[in-house]
Amino acid sequence: MAKLKTRNHASTPNTFSENGPTPERRARSEFVGTAPTRVLRTVQSLLQAGDITQPAADAAERWYRDYIFGYCDYVEFSEQHRPSTLTRHDAVSWQLVRARAMARITEAREALGLCAHQRLRMMLVDELSFRAMGEALFPTISASSSQRKIAAQCALLLEQLAAREEAARKAAKAARSTKNTLREPAARTEQA
């Protein structure tokens, strides 16, 4: 019998110490932070500049998560996420939850318009800079002018998205409270 050679893993150099973006990705985007590096997204730059509020940035994050879940069929959980032990999704319930996410995306598109949906996609999903969005949407005007226009449009759009979500949340709460008040008198008459 031949003896198999074993490899000493302790002496292997750690080649994955810098598990960051590829050189191509680094050339395409601007990054912030050191470990881990993250893409400086347009929403973060608007928030840091004071052009949008934190609820608008949160609404953008929710829209992005719904979009990724609806179109790509996966969910990214935050670091503080604790999995629920009460429910386990099978294929059907997973697709129902995914359909709800797509319904929220569709409702936002219908409420804000197709142009707004396109700007949200360019800003959040494609991670384009304001300059790149300006060049794509306003090719006939100067780059700096188109960049300012797009930044203003995106700030307004994110505030509208946050306001629409808040109005939908209040309407759902009012519908639930109306539903509960209608159930109470029916329960009282049944007991009498």
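The written sequence of each chain sets the order in which its residues are numbered from 1. For this predicted model, a pLDDT threshold of at least 70 governs which residues receive local features, and a threshold of 80 or more governs which side-chain atom pairs are given and counted, while totals over whole chains, interfaces and linings are taken from all residues. The basis for every side-chain value is the complete set of heavy atoms in the structure, and neither hydrogens nor water enter the calculation.

Draft legend 1. The confidence of the model for the protein chain, seen in detail. What pLDDT conveys is the predictor's confidence in a given residue, as a value from 0 to 100. Within the protein chain, residue pLDDT values average 80, and 71% of them lie at 70 or more. Per-element mean pLDDT across the protein chain ranges from 56 in strand β2 (residues 38-39) up to 94 in helix α5 (residues 114-125). Contacts were defined at the residue level, with two residues in contact if any of their heavy atoms lie within 4.5 Å. In the model, residues 8-17 has pLDDT below 50 throughout and makes 1 contact with residues more than four positions away in sequence or in other chains. What counts as a helix is a DSSP run of H or I of at least four residues, what counts as a strand is a run of E of at least two, and both are numbered from the N terminus.

Draft legend 2. Here's a closer look at the packing of aromatic side chains. Any pair of Phe, Tyr and Trp rings, taking the six-membered ring for Trp, is counted once the centres come within 6.5 Å. Such a pair is stacked with planes under 30 degrees apart, edge-to-face with planes over 60 apart, and tilted for the rest. In the structure shown here, the tally under the stated rule is 3 aromatic pairs. Look at Trp63 and Tyr67: their rings are 5.2 Å apart centre to centre, the planes differ by 25 degrees, and that puts the pair in the stacked class. Residue Trp63 and its partner Tyr67 are located together in helix α3 (residues 54-72), separated by 4 residues, close to a single helical turn. Throughout, exposure labels follow a simple rule: accessible area from a 1.4 Å probe, protein chains only, divided by the maximum for the residue type, with under 20% read as buried, over 50% as exposed, and the rest as partly exposed. Classification of Trp63 as buried rests on a relative accessible area of 3%. The class of Tyr67 is buried, set by a relative accessible area of 9%. Centroid distance Phe69 to Trp94: 5.0 Å. Interplanar angle 75 degrees. Geometry classified as edge-to-face. Of this pair, Phe69 sits in helix α3 while Trp94 sits in helix α4 (residues 91-112), and the two are 25 residues apart along the sequence.

Draft legend 3. Spatial organisation of α3. Each helix should span, by expectation, one fewer than its residue count multiplied by 1.5 Å. The end-to-end C-alpha distance of α3 is 26 Å, a good match for the 27 Å that 19 residues give at a rise of 1.5 Å each. Listing the buried residues of α3 in full gives Ala56, Ala57, Ala59, Ala60, Trp63, Tyr64, Asp66, Tyr67, Ile68, Phe69 and Gly70. Downstream of α3 by one or two residues, Asp73 has phi in the positive range, about 65 degrees.

Draft legend 4. Region of interest: the pattern of salt bridges. Basic side-chain nitrogens of Lys or Arg form a salt bridge, by our definition, when they fall within 4 Å of a carboxyl oxygen of Asp or Glu. Applying the stated criterion to the full structure yields 6 salt bridges. A salt bridge links Glu165 to Arg62; the nearest nitrogen and oxygen atoms lie 2.7 Å apart. Linking Glu165 in helix α7 (residues 143-191) with Arg62 in helix α3, this pair joins segments that are 103 residues apart in sequence. On the basis of relative accessible area, Arg62 is assigned to the partly exposed category, the value being 37%.

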